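Summary of the model geometry
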Amino acid sequence: MEFTHRSHSPNQRHGHGHDGESEWDASRHLASLPTTPNRRNSGDDTESGFDVWFLELSNSYCLNLRRPNPSLLRDPKCLTSIYDDSRFYSRLKSQYRQGNADTILNIFDKNARAIHSKWVKKSNADHGVTPPMTSMPRASTEPERTTLLNKLAEILNLFSPYEPSCHAATDDSPSPSRSRRSKRRSQDEASKQSPSSKRSRGSVVHSRPPSALSRLDSGEVRGSAPVPELTMPSRRLSIKSEQQCENYGPSANTSRSSFNSRVFSEPERLDEDATQPNTQDTEVTTEEVSSHHRRKPPSSSMADSVAPSSSTERALVTLSDMRHENQRKIETIVIDDDDVPPQDFNMHEEPDLDHMSFSPEVTAVTPVYLASPEKPYNLTRSDATDFGQRLQAVWPVLPAQLQSAPLAVRWEILRVALCCDVSMEDLRFEYRPDLNDQSKLWDQLRRLKAFEGKVFPEKSRAEAWRAALSDKFHSTDQVVVLTANLKLNKSGLLFSLSLQPLKLDLPHRLDRRFGSDRFLELVIPSPYTREVSNLIKGNETTLINAIHDWLVRESHVFLGRMWKSFCVRAATPMKLHKDDTLKPETITIMQDRIYLFAEDGADFLRAASAQSVSPRFESSSLHTRMERGQLIDWLLQISQSRKNQEQSVYKLFSRITLGLSRTCPTVVLQPDQIRHRDEDILSPTGKVMNDGIARISTGLARQVRDIMGLDDIPACFQGRFGSAKGVWLRDTRDTSNEIWIETYPSQRKWVCDYLEEDHRTFEVRNGSKELRAATLNLQLLPILEDRATNATAMKERVGKFMKDSLEAEIESQKQAMKDPAHFKLWVYENNVGQRRQDRVRIGHVPWAAGLPYSREDQMELLLSQGFDPTKLEFLRKIAFSLRKEKCEELQTRLNVKVGRSTYAYMVVDFSDVLEEDEIHFGFSSKFVDEHSGFSETFLHGMDVLVARTPAHYPSDIQRVKAVFKPELGSLKDVIIFPTKGNIPLADKLSGGDYDGDIAWVCWEPSIVNNFTNAPLPDVPDLFDLRVLTKKKGTYADLSQSYGPECVTAEFIDRAFRFNMEPNLLGTCTNYKEKLCYSRNSVRDEHAIFMSTLISNLVDRAKQGIVFTEQDWNRERKKLNRWQNDSRRGGKGLDPVQPQYKNNDWGGQGAPQHIIDYVKFVAGKPTVERELENLNRYLSQAEHYDSDLVKFYHWYEQFKKPSGWREKEQNLKGYRKHTWETVLDELKKDIEDVAMKWRDSPGEFEARLSNTYDMWREIKPTKKVNSRTVQSLCEASLADVGLSQWDLLKASFCFKMYYKKHPGFPWYMAGYQLAYLKSIAVSQGLNAPPVLMTPAMYAGVKPDGKFVRAVAALNEGRLVAAARDGDDGGLGLEDVAGSLSDQGA
């Protein structure tokens, strides 16, 4: 045998030589590891480079290797490691420093492949358990892992056979000849030992300051192979127990690999030469081996590798050119398993490791977990080992040649591959800078064989893509957000990963300080859902613990970075619709949003020793290493204040979300501009009357207005400032230009030093704005009925409001659709809010393929180009569907519009001019209710109702007096509550405060005058009744128990476990609704009990309130006995659902409950009748429009007449005319795209994106060589989709498919069809169609007076039209002149 030095040809390097696929895999995965360090590199860079190389080696082959845990060295109470294979860490590090890493890796890969070829997949094996022959040689069972580790040990013996194991424990004597006297010695005794003047390689130094390298250094590097099933140590351990500092629970995986570091602690760093001891209290000193006992390492020519030019360029994987260069420098060693006699190791001979003798210092790894290699690993077992195994490979690893791409490109490649279910090993192309163009990147992916026939996902928006490729990962005022989802699997991997398109959003404070690319939002199904429990019935705790440990304790290697979770909050539930013919249902799956922080990465720098956090304004491609504990401490400043440490664990954890609130950063204040008030405003009884609110100067409010681009200075802003949150009200008495802000104790959530600018930035979430008429929330209806002096009159009045509002809205739409200009105004007035925000954010109307993204913008485009909704079916369907959805929403949610009502921010009277139960309410413009004729700028001398949702107690709606106070007159669009009285008015409204709560305000006389206030209820103390309990413990308690090394991990772990437990708020709210409906009461003792319970559960996460499923079942059994249906109560069944939850009335007699009455008597019949009338009105619309096919007909005339073509085809040598060929080929191309549109599966957005890309690729056929034809694609016009070829495609496509697939032409070429229509409509007029720039078009606002004047002129109301023009705006002569021009 001999070592063979291969000089690979380019084809061989790219997998086209012998055994191409295997060769490709080998080169790619070998290159995915960092190169051996250059000797000139610093020790810190070498160590961190090795750590990354080490974990990638473990991941690539599922070796499940681990690193030494420094906490075991420092703490004598920690137990020894249960693994004996961690010795590989020090041995590999030694070879890495000597430059032998690449050689060892190449030898190991060849042998691993030889071993892997014998692992045959059984016919009954589960997918993903036994690797197929073309996969990388990864271990999927413990015996396979053991085999690979044995082979690695044998290879290491070739280089240094007498190197001692790093786990060789010693006693007090450094001499290896001394016998071991005891298994433990006291910490005091250890401290008496004087340090050696010269430290050996294996000794441990404790004095080194913590490194900014990821906490992965202190934990295990786990691959995906299964590990021994273990007896978990007791959790009832004292300070820094094993369970607290490190998780020794079993972990396993399937054939895919991932990095998994179970770190229960966050300890200090070891010295780079430190190694792991075999006991928890003995400092290890390994014997230096003389040089003549060591095998000679490979020559430098073999070990040379390309090292990064500096630490800033070090990467998890090498660039492709580095990989190929290294491949030519590495001696490829192939070790056969044939029966060859043992022979001495020689650099020119190939040794047979299977028949060599090895030093006894290196022994094989004995498998503890027994699993038959002939049988696939059982993934249905109900122990922690199996679920740990199923979690490890969730994070895929991109191939080496793509790791040098920008983060946005890596994200997009991985997103598409995951969506298309393409293996990472099939991404066989190199990254090139031109792939930063998203279209070119997608074209490259589509050309790969693995993506043939695959449906691509929706593309990331262009503006988000551009921002992600910038140096800071953000646009002017928004950041790029990374969001991923995990979906639960019944078998194989426990979760499937999917990535969301890159999107832009407002930044949060942590984004701005550390870069949004360091934060990943992961949406995951709650571990307590029914779907999770079904996987392991009867032992759910095992699975839940495995998920928690994986989420919290592990470091997650993804996209070349190492992520750690640091916060969790509830996410929007996912609704799945099961279309079962017999029993269709909607399943709601609760979800959690996990926030992860990138602690370390390929291009991260090591922080300076005196630096605790990353510097500001770092490039997205050059961050500084930093741990999650430092991130949390920077935000909450826990270590700087004893008061912060004395906060409850759960309350302090909830404060992290303030740093994750997406806000608009405005003014940075200086320390002397901040006024911290020592006390809140208190009532005579000690109640805080300004809970959550303070003031800012008019000068500051003016600057905020300018930064946010607002028209006027709002009365208040809801926002964040340092540790304070709440609302800041403009000080009406401040007439200077001074800049200042104040905070009150009720606003400040922790002690903040306000030293950094990011803590002194006024962050705005919202500001008060012009008010409009509001709808009456469903929860308020039962209270209105209960507190009415005449309940029947209240019920009928509310029902009439529902009926009138529905009729008025549908009638206004019907009238608007008579005229395109009027309808465009109607669209604008009814859908302006969110559309304006989107346009401002991206600078233009967002588009998706051939039409704007939203249906409202689609209608606006088509209307502005001359289409009539009563004539064009495509436009009619959009208009009708929007109106139908709106009506159905009103009917379902039962939001009754009341003209004289609105929603406004609640603020307080700092001037102290309002008396108890008085309010001040003014408007920035006239508040108009056309139905009643109300038109005023303030309320005065009348009673109003105020409420806050959710409302539960009868007293949650209060009747108060509206008065106008000149001192408060400049504060518009907010409702001002008094600071006088014993109880804050906000507190009476379901326990509200002033930190951003919004009040419903109603001054409709028919409702207000029929209402009386209820006294505040006598609520039970649910803690005294032991219905609820509260978790105790402060951060200081944790720190004292676990020490500074482990406190962060324990803090996050406890908070995660508590916050991810089921929150029964929704369950209890639904039950209360059913109970009150059954008893027809909202004020009896049972309703009050449920209202109190719900009020407490609102603050569950912050207060640490414990209320379990068992607690709820106990209380529910008691309550069920009090429902009106005694039969169900006797059986312990819950009350039935209210009738208004159903689509149709199923009760006996006429509906009596107020909500039943509003829905079934007033709402549903009105909606059905009006929608039928609207549909009948629009029934004359057609799919065809002759104006859209004229362009095609012009080119069609150049074809030979069909009669001539038939005659010529019968003659030999027939040749098609140029235009005949062009149009025939165009027809075929359009048919191909239409077929893809018809047959493509998946969601509409993805289907649209994929089809549109194919549509854009349609070019004139190359079968003709005509300059005239090529001129149709003039570049400047083609770039904006207005070339003659684009218009021809659109017109021809419409002619072909307007009836067969009527939506297809519009989604492919809606813009071109609209342009053709505008040309046709403008013909014969004196004014041509007008094109606008995207920004100008986005800001166009319909002129309401012009539209109404035209409508009046058309109806003969000339006098009214003339009056509208008297204000200097549009005059009657202008309207008449415009119309005469149109008629010319």
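Computed from a predicted model, the values in this text were never measured in an experiment.

Turning our eyes to something else, we now look at the overall build of the protein. Secondary structure assignment for the protein yields 49 helices and 27 strands. Out of the 1384 residues belonging to the protein, those deemed buried represent 56%. For the protein, restricting intrachain contacts to residue pairs at least 6 apart in sequence, the fraction spanning at least 24 positions comes to 77%. Accessible surface for the protein amounts to roughly 59900 Å². Of this, 48% is attributable to carbon and sulfur atoms.

Before going further, it helps to spend a moment on the environment of Asp909. Note that Asp909 resides in the loop between strand S19 (901–908) and strand S20 (918–929). Taking the C-alpha atoms as reference points, Asp909 and Lys980, 71 residues apart in sequence, are found 9.0 Å from one another. Setting aside residues up to four positions removed in sequence, Asp909 forms contacts with Leu914, Leu968, Ile976, Phe977, Pro978 and Thr979. Engagement of the side chain of Asp909 in a polar contact is seen with the backbone nitrogen of Val913, the distance being 2.5 Å.

Here Trp1285 is to be found in helix H44 (residues 1284–1297). Linking Trp1285 and Cys1273, residues twelve residues apart in sequence, is a C-alpha distance of 5.7 Å.

A separate point is helix H32 (residues 1065–1079). Helix length check: H32 (15 residues) gives 21 Å between terminal C-alpha atoms against 21 Å at 1.5 Å per residue, within 8%. Check the buried side of H32 and you find it contacts helix H33 (1085–1098), helix H35 (1109–1120) and helix H37 (1154–1177). Note on H32: the residue one or two positions beyond its end, Asn1080, has a positive phi of about 55 degrees.

Further remarks concern the packing of aromatic side chains. Counting across every chain of the model gives 56 aromatic pairs. A centroid spacing of 6.4 Å and a plane angle of 25 degrees characterise the contact between Tyr744 and Phe910, whose relative ring orientation is stacked. Taken together, the residues Tyr744 in the loop between strand S13 (741–743) and strand S14 (761–767) and Phe910 in the loop between S19 and S20 connect sequence positions 166 residues apart. The buried category is assigned to Phe910, whose relative accessible area is 13%. Ring geometry for Phe1294 against Tyr1298: centres 5.7 Å apart, planes inclined by 25 degrees, an arrangement best described as stacked. Assessed through its relative accessible area of 0%, Phe1294 is described here as buried. Grouped by ring-pair contacts, the aromatic residues Phe867, Phe874, Tyr1184, Trp1237, Phe1244, Trp1255, Phe1294, Tyr1297, Tyr1298, Phe1304, Trp1306 and Tyr1307 constitute a single cluster.

Our focus in this paragraph is the nonpolar core. Membership of the largest hydrophobic core comes to 154 residues, with the highest contact counts inside it found for Leu427, Phe451, Phe558, Phe566, Phe921, Ile975 and Phe977. Element by element, the count of residues in this core is highest for helix H31 (residues 1035–1059), at ten residues. Not counting residues within four places of it along the chain, the set of residues in contact with Phe558 comprises Trp395, Pro396, Trp411, Leu414, Leu497, Leu499, Leu520 and Trp563. Formed by 97 residues, the second largest nonpolar core is a distinct cluster that contains Val827, Val898, Cys1002 and Val1269.

What follows deals with the pairing of S20. Judged from the two bridges that link them, S20 and strand S23 (residues 957–962) form a sheet pairing that is parallel. Looking at the pairing, Glu918 lines up with Lys961 of S23. Bridging between S20 and strand S24 (residues 974–977) involves two bridges; their strand directions are antiparallel. Bridge pairing links Phe921 to Ile975 in S24. Of the strand pairs in this sheet, S20 and strand S21 (residues 934–938) are connected by four bridges, and their pairing is antiparallel. Bridge pairing in S21 places Asp929 opposite Phe934. Hairpin connection, S20 to S21: the antiparallel pair is bridged by four residues, and Gly933 has positive phi, about 85 degrees.

A few words on the packing of H44 against helix H45 (residues 1303–1322). Look at H44 against H45: their axes get within 9 Å of each other, and the N-to-C directions meet at 125 degrees. Put simply, H44 runs oblique to H45. Between H44 and H45 the crossing geometry is left-handed. Between H44 and H45, the contacting residues are Asp1286, Leu1287, Ala1290, Ser1291, Cys1293, Phe1294 and Tyr1297 on the first element and Phe1304, Pro1305, Trp1306, Ala1309, Gln1312, Leu1313, Tyr1315 and Leu1316 on the second. Along the lines of polarity and charge, the residues of the contact of H44 with H45 split into twelve nonpolar, two polar and one charged.

How each quantity is defined
Residues numbered from 1 in each chain as written. Predicted model: local features only at pLDDT ≥ 70, side-chain atom pairs only at ≥ 80, totals over all residues. Heavy atoms only, no water. Helix = DSSP H or I, 4+ residues; strand = E, 2+ residues; numbered from the N terminus. Buried < 20%, exposed > 50% of the residue type's maximum accessible area, 1.4 Å probe, protein only. Contact = heavy atoms within 4.5 Å. Areas by Shrake-Rupley, 256 points an atom, 1.4 Å probe, with all protein chains shown as cover. Polar contact = N/O pair within 3.5 Å; in protein donor to acceptor, adjacent residues only side chain to side chain. Expected span 1.5 Å × (residues − 1). Phe/Tyr/Trp six-rings, centres within 6.5 Å; stacked < 30°, edge-to-face > 60°. Core = buried A, V, L, I, M, F, W, Y, C linked by side-chain atoms within 4.5 Å. Pairing = 2+ DSSP bridges. Axes fitted to C-alpha atoms, helices over the stretch in contact; angles between N-to-C directions. Parallel < 35°, antiparallel > 145°, perpendicular 65-115°, else oblique. Left-handed = near helix turned anticlockwise from the far one by under 90°. Nonpolar A, V, L, I, M, F, W, Y, C, P; charged D, E, K, R; others polar.

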